[in-house]
Amino acid sequence: NAGVTQTPKFRILKIGQSMTLQCTQDMNHNYMYWYRQDPGMGLKLIYYSVGAGITDKGEVPNGYNVSRSTTEDFPLRLELAAPSQTSVYFCASSYQLAGPGELFFGEGSRLTVL
Amino acid sequence: DQQVKQNSPSLSVQEGRISILNCDYTNSMFDYFLWYKKYPAEGPTFLISISSIKDKNEDGRFTVFLNKSAKHLSLHIVPSQPGDSAVYFCAASAKRGSGNTGKLIFGQGTTLQVKP
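Let me sum up the structure you'll find in this document. Only a predicted model underlies this, so the values are computations on that prediction, with no experimental measurement involved.

1. A word on the sheet that holds strand S6 (residues 56-59) of chain B
Each strand in a sheet pairs with its neighbour through backbone hydrogen bonds, running either in the same direction (parallel) or in the opposite one (antiparallel).
Residue and element names in this part refer to chain B.
Point 1. Taking strand neighbours across the sheet as the criterion, the five strands line up as S1-S3-S8-S7-S6 in an open arrangement whose pairing is antiparallel. Two strands close off the open sheet at either side, each with one partner strand: strand S1 (4-5) and S6.
Point 2. One ladder, built from six bridges, connects strand S3 (residues 19-25) with strand S8 (residues 72-77); its direction is antiparallel. Considered in S8, the bridge of Asp24 is made with His72.

2. Observations concerning the pattern of salt bridges
Point 1. For the structure shown, the criterion picks out four salt bridges over all chains.
Point 2. Here A:Glu107 ties to A:Lys9 by a salt bridge, and the two come within 3.6 Å at their closest N and O atoms. Of this pair, A:Glu107 sits in the loop between strand S10 (104-105) and strand S11 (109-113) while A:Lys9 sits in the loop between strand S1 (4-7) and strand S2 (10-13), placing them 98 residues apart in sequence.
Point 3. Since its relative accessible area comes to 45%, A:Glu107 is described here as partly exposed.
Point 4. Of the residues examined, A:Lys9 reaches a relative accessible area of 42% and is grouped as partly exposed.
Point 5. Between B:Asp84 and B:Arg61 there is a salt bridge, with the nearest N and O atoms lying 2.8 Å from each other. Remark: B:Arg61 occurs in the loop between S6 and strand S7 (62-67) and B:Asp84 occurs in the loop between S8 and strand S9 (86-94); sequence separation between them is 23 residues.
Point 6. The class of B:Asp84 is buried, set by a relative accessible area of 2%.

3. Quick notes on the pairing of strand S11 (residues 110-115) of chain B
Residues and elements named next belong to chain B.
Point 1. Taking every second residue as pointing to the same face, the buried face of S11 carries Thr110, Leu112 and Val114, while none of Thr111, Gln113 and Lys115 on the other face is buried.
Point 2. Direction of pairing for strand S2 (residues 10-14) relative to S11: parallel, over a ladder of five bridges. For Ser12, the partnering residue across the bridge sits in S11 and is Gln113.
Point 3. Of the strand pairs in this sheet, S9 and S11 are connected by three bridges, and their pairing is antiparallel. Counted as the bridge partner of Val87 is Thr111 from S11.

4. A look at the interface of chain A and chain B
Point 1. If you look at the interface, chain A gives 22 residues, while chain B gives 21 residues.
Point 2. Both sides together, the interface formed by chain A and chain B hides about 1700 Å², and carbon and sulfur atoms give 62% of it.
Point 3. The tally of links between chain A and chain B comes to two residue pairs in polar contact (both at pLDDT 80 or more).
Point 4. Secondary structure elements with two or more residues in the side of chain A that touches chain B: strand S4 (31-37) and strand S5 (43-51) of chain A.
Point 5. Grouping the constituent residues of the side of chain A that touches chain B by class yields 12 nonpolar, five polar and five charged.

5. So, the environment of B:Cys23
Residue and element names in this part refer to chain B.
Point 1. Within the element layout of this structure, Cys23 appears in strand S3.
Point 2. Residues Cys23 and Gly83 lie 60 residues apart in sequence; the distance between their C-alpha atoms is 22 Å.
Point 3. If we ignore the near neighbours within four places in the chain, the residues touching Cys23 are Val4, Lys5, Gln6, Trp35, Lys71, His72, Leu73 and Cys90.

6. Describing the state of the cysteines
Point 1. All told, the structure shown has two disulfides over all chains when counted by the stated rule.
Point 2. The residue that forms a disulfide with A:Cys23 is A:Cys91, at a sulfur-sulfur distance of 1.9 Å. Every disulfide takes its handedness from the sign of the S-S torsion; for A:Cys23 and A:Cys91 that torsion is -75°, giving left-handed. Here A:Cys23 is found in strand S3 (residues 19-25), whereas its partner A:Cys91 is found in strand S9 (residues 87-94), with 68 residues between them in sequence. Accessibility classification places A:Cys23 together with A:Cys91 in one group, the buried group.
Point 3. Through a disulfide, B:Cys23 is tied to B:Cys90; the S-S separation comes to 2.0 Å. With the S-S bond torsion at -70°, the cross-link from B:Cys23 to B:Cys90 turns out left-handed. You can see B:Cys23 sitting in strand S3 and its partner B:Cys90 sitting in strand S9, a full 67 residues away along the chain.
Point 4. A relative accessible area of 0% places B:Cys23 in the buried class.

Conventions used here
Residues numbered from 1 in each chain as written. Chains lettered and ligands numbered in written order. Predicted model: local features only at pLDDT ≥ 70, side-chain atom pairs only at ≥ 80, totals over all residues. Heavy atoms only, no water. Pairing = 2+ DSSP bridges. Helix = DSSP H or I, 4+ residues; strand = E, 2+ residues; numbered from the N terminus. Salt bridge = Lys/Arg side-chain N within 4 Å of Asp/Glu carboxyl O. Buried < 20%, exposed > 50% of the residue type's maximum accessible area, 1.4 Å probe, protein only. Contact = heavy atoms within 4.5 Å. Buried area = accessible area lost by both parts, 1.4 Å probe. Polar contact = N/O pair within 3.5 Å; in protein donor to acceptor, adjacent residues only side chain to side chain. Nonpolar A, V, L, I, M, F, W, Y, C, P; charged D, E, K, R; others polar. Disulfide = S-S within 2.5 Å.

Following this line, the structure appears as structure tokens:
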């Protein structure tokens, strides 16, 4: 039972490079989310999606893009990496809207921008 | 502005004793509150939740209390076990139509250490 799978687990980028963090879930959840966690801080919502083709901004969307072409996949794109994007990124999904519906998280992707 | 605050970065308790983790919030539109637990190198996992229409919810050793007038909630773990050592995040979500629907807002986290 895979749940939410994120790749890669670790990545080092140079300033200005671009990359995509992949996220896939096998629970047929409509709702998917991307969070980042900085040291000593809580998780901040970057983007979320309520279904295929529908995405919306969270608290900290600047510098990121997302797409949701299928129910299973919700990739996060960094176009021009900056040191401020050094963080641990978590993808999550839920059956119901966040709140009443618990979120199932992936194991995280640690990104360092140098 | 930090809408959900956990003012204690860390807490250390002895095995068998009670652990009390606290959380304060500022947004009166929050109507659902959750606690997540996170071990190192893993994603957070759901622990327990409470709706704003209740003031207490219990699940085994874990109880969450909600004081709406004080905008405060707490997680009680009794008895605490070494396996409970982890980072605990408080989170809140807002009512539909508030502009924050679907957005789970997290606190900074409290690291709990339970000593054998």
